[in-house]
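Working through the structure, step by step
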Amino acid sequence: MELANARSALKRKRDDAIEPFDNGTAAAAITDASSVDLSLLEAVEKSQTTVEVLDLKTLKRLVLAFERRLRDNIEARLKYPDQPDKFADSEIELHEEIQRLKTLAGGPELYPDLVSLNVIPSILGLLSHDNSDIAVDVVGLLQDLTDEDVLEDNDEPARVLVDALIENNVLELLVQNLTRLSEFDPDEMAAVYATLATLENLIEVKPAVAEMVCERTKLMRWLLGKIKVREFDSNKQYASEILAILLQNSAANQRRLGQMNGVDVVLQAVAMYKSRDPKTADEEEMVENLFDCLCCLLMPLENKEKFVRAEGVELMIIIMKQKKLAYGSAIRALDFAMTKYPPACERFVDVLGLKTAFAAFMGKIPMSKKNKKERYQEELEERIISLIASLFGGILRGSRRDRLLSKFVENECEKIDRLMELFIRYSDRVKAETERMNQLKLDDLEMDEDERYNRRLEVGLYTLQVGGFLWTCSSEH
């Protein structure tokens, strides 16, 4: 009851600040407009548009006012612990001071001074405030201070602030607060989004945060819980994005999530789209994020084993057969799973995946408004060539090898013809790019060897090399 009263007082204060004029007030204003001194109106307008200079003096004044309101609130709560009406006003005043601190985002060059004033511990301490609305205010403040646009071209001040935040346990406090926020309260739901945004901002400034936050907190477990929810919302989408960011460049995080049954949870999340398409562009982006997570998870060998055991191979084949939006993503996931992992290749053949894979190899790809783009078709083509090469690399002998090879001689060797068609096309593209780069060299616009190699990769060198490997393998039969 105490917290409810304090929070309602704070919400009333917010509502009062944006309360519109009633009809009578508006009418009176219109009636009296002709009698107002225009010079007076001009003076008022100038006073309202005056912007306070944000300098060290202003910073110190803002920090001092905040510390004073914080002290008042602490004293009021200690003195009247069971009488929320006695400390409600101090909470409103504290809320207002936190809002004023947001102006500091306009002067990121002052962040080192903000840190030296030793106010960071006081700000972060409020993430554990009994009134969750105050904690929500602090989350909003942190999001503003660490916003990517604010920190752009301010690398050193950004690092100073982020280091200070981490030293004062911002990761632990943000995640602890995250677990107490309700998804049914609009303000707290917005705070969930702001928390995830702040974590992303911290990782952007200091990439090592991606592993720190997983080592020190239960963020990964919270994210897994969020993507398991069937209903889609913006926070589920953002949770999938943050999870992908945590996994993309960290083998430690990939293994850590695998140990938390992460492979199975992500498979359950993508299984919701095996026979239906996302309804909105945001939901479509979330599905792509989930498949990004799955592909990252499939980098460590132990997670490939978990994928096979959880019938991930079968699920991806089902998704391909359904020919929905996730078709291409399923091929990508299978390619990751089968690369240098024979058990996944064997399972793929055993559950009759060859027919589905070679249909894609022959260009029988489901069409939609999205995948009509030529580049999408090429990416899928390159991925399916890689997948079939993984099959040849993982299945070296026995009846499965025979079944794989027989695909190239059925229907009058149409797969051989298709392979030759692809080989010639990619060979021509790589040759054309090589000639173009040689011409640049003649024009004194030199590229180093790494840049030349990367350019050739971009136009299909890797796929050409894989195609050559397939040609060699298919000649066995």
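Residues numbered from 1 in each chain as written. Predicted model: local features only at pLDDT ≥ 70, side-chain atom pairs only at ≥ 80, totals over all residues. Heavy atoms only, no water.

We now examine helix H16 (residues 251-259). Three or more residues of H16 are buried, namely Asn253, Gln254, Leu257 and Gly258. For H16, the buried positions fall inside an angular range of 140° around the axis, keeping them on one side. At its buried positions, H16 is contacted by helix H13 (209-216), helix H14 (219-228), helix H15 (234-248), helix H17 (262-271), helix H18 (281-297) and helix H19 (301-309). Asn261 occupies a position one or two residues after H16 and carries a positive phi of about 65°. (Buried < 20%, exposed > 50% of the residue type's maximum accessible area, 1.4 Å probe, protein only. Helix = DSSP H or I, 4+ residues; strand = E, 2+ residues; numbered from the N terminus. Arc of directions from axis to C-beta. Contact = heavy atoms within 4.5 Å.)

The next subject is the side chain of Glu97. Take Glu97: it is sitting in helix H5 (residues 84-101). You can call Glu97 buried: its relative accessible area is 8%. A polar side-chain atom of Glu97 sits 2.7 Å from a polar atom in the side chain of Arg100. Residues in contact with Glu97, not counting those within four places in the same chain, are Leu62, Ala65, Phe66 and Arg69. (Polar contact = N/O pair within 3.5 Å; in protein donor to acceptor, adjacent residues only side chain to side chain.)

A word on the layout of surface pockets. There is about 600 Å³ of room inside the largest pocket. Surrounding the largest pocket, 27 residues form its lining, Gly328, Arg332, Glu379, Leu380 and Arg383 being those nearest its centre. Only H18, helix H21 (327-338), helix H24 (374-394), helix H27 (449-458) and helix H28 (461-474) provide two or more residues apiece to the lining of the largest pocket. Take the lining of the largest pocket: its biggest share by element is seven residues, from H24. Each pocket or cavity is described by its volume, and for the second largest pocket that value is around 270 Å³. Lining the second largest pocket are 17 residues, with Lys355, Thr356, Phe358, Ala359 and Lys364 positioned closest to its centre. Of all the secondary structure elements, the ones that give two or more residues to the lining of the second largest pocket are helix H20 (312-322), helix H23 (354-361) and helix H26 (410-442). The element that contributes the greatest number of residues to the lining of the second largest pocket is H23, accounting for six residues. Looking at the lining of the second largest pocket, its residues break down into seven nonpolar, two polar and eight charged. (1 Å grid on protein atoms, 1.4 Å probe; cavity = no way out; pocket = protein on both sides within 12 Å on 5 of 7 lines; lining within 4 Å. Points joined across faces, edges and corners; volume = space filled by probe spheres on them. Nonpolar A, V, L, I, M, F, W, Y, C, P; charged D, E, K, R; others polar.)

Next up on the list: the packing of aromatic side chains. Following the criterion strictly, the structure yields five aromatic pairs and no others. Here Phe358 and Phe408 contribute two aromatic rings whose centre-to-centre distance is 5.4 Å and whose plane-to-plane angle is 90°, an arrangement assigned as edge-to-face. Residue Phe358 is found in helix H23, and its partner Phe408 is found in the loop between helix H25 (399-406) and H26; the two are separated by 50 residues along the sequence. With relative accessibility at 2%, the residue Phe358 sits in the buried group. Judged by relative accessible area, Phe408 falls into the buried class, the value being 0%. Judged by centre distance (5.8 Å) and plane angle (40°), the ring pair of Phe392 and Phe408 falls under tilted. Taken together, the positions of Phe392 in helix H24 and Phe408 in the loop between H25 and H26 put the pair 16 residues apart, joining distant regions of the chain. Looking at Phe392, the relative accessible area reads 1%, which means it is buried. (Phe/Tyr/Trp six-rings, centres within 6.5 Å; stacked < 30°, edge-to-face > 60°.)

All right, on to the pattern of salt bridges then. In total, this model carries 27 salt bridges according to the counting rule given. The salt bridge involving Arg383 is made with Asp335; its shortest N-O contact spans 3.0 Å. Taken together, the positions of Arg383 in helix H24 and Asp335 in helix H21 put the pair 48 residues apart, joining distant regions of the chain. In this structure, the salt-bridge partner of Arg418 is Glu421, at a minimum N-O distance of 3.0 Å. Separated by three residues within a single helix, Arg418 and Glu421 lie in helix H26, roughly one turn from each other. The exposure class of Arg418 is buried, given its relative accessible area of 11%. For Glu421, a relative accessible area of 41% gives the class partly exposed. Among the charged side chains, a network of salt bridges with common partners joins Glu381, Arg418, Glu421 and Arg425. (Salt bridge = Lys/Arg side-chain N within 4 Å of Asp/Glu carboxyl O.)

Position of Gly107 relative to the elements: it lies in the loop between H5 and helix H6 (111-116). By relative accessible area, Gly107 is classed as buried at 0%. C-alpha of Gly107 to C-alpha of Leu59: the two residues are 48 residues apart in sequence and 9.5 Å apart in space.

A word on the packing of H18 against H21. Packing of H18 against H21 brings their axes to within 9 Å, and their N-to-C directions diverge by 10°. Considering their axes alone, H18 and H21 lie roughly parallel with respect to each other. Every residue of H21 that contacts H18 at Glu288, Phe291, Asp292, Leu294 and Cys295 is listed here: Ser329, Ala330, Arg332, Ala333 and Phe336. (Axes fitted to C-alpha atoms, helices over the stretch in contact; angles between N-to-C directions. Parallel < 35°, antiparallel > 145°, perpendicular 65-115°, else oblique.)

Spatial relationships are all this shows, so hold off on functional conclusions.
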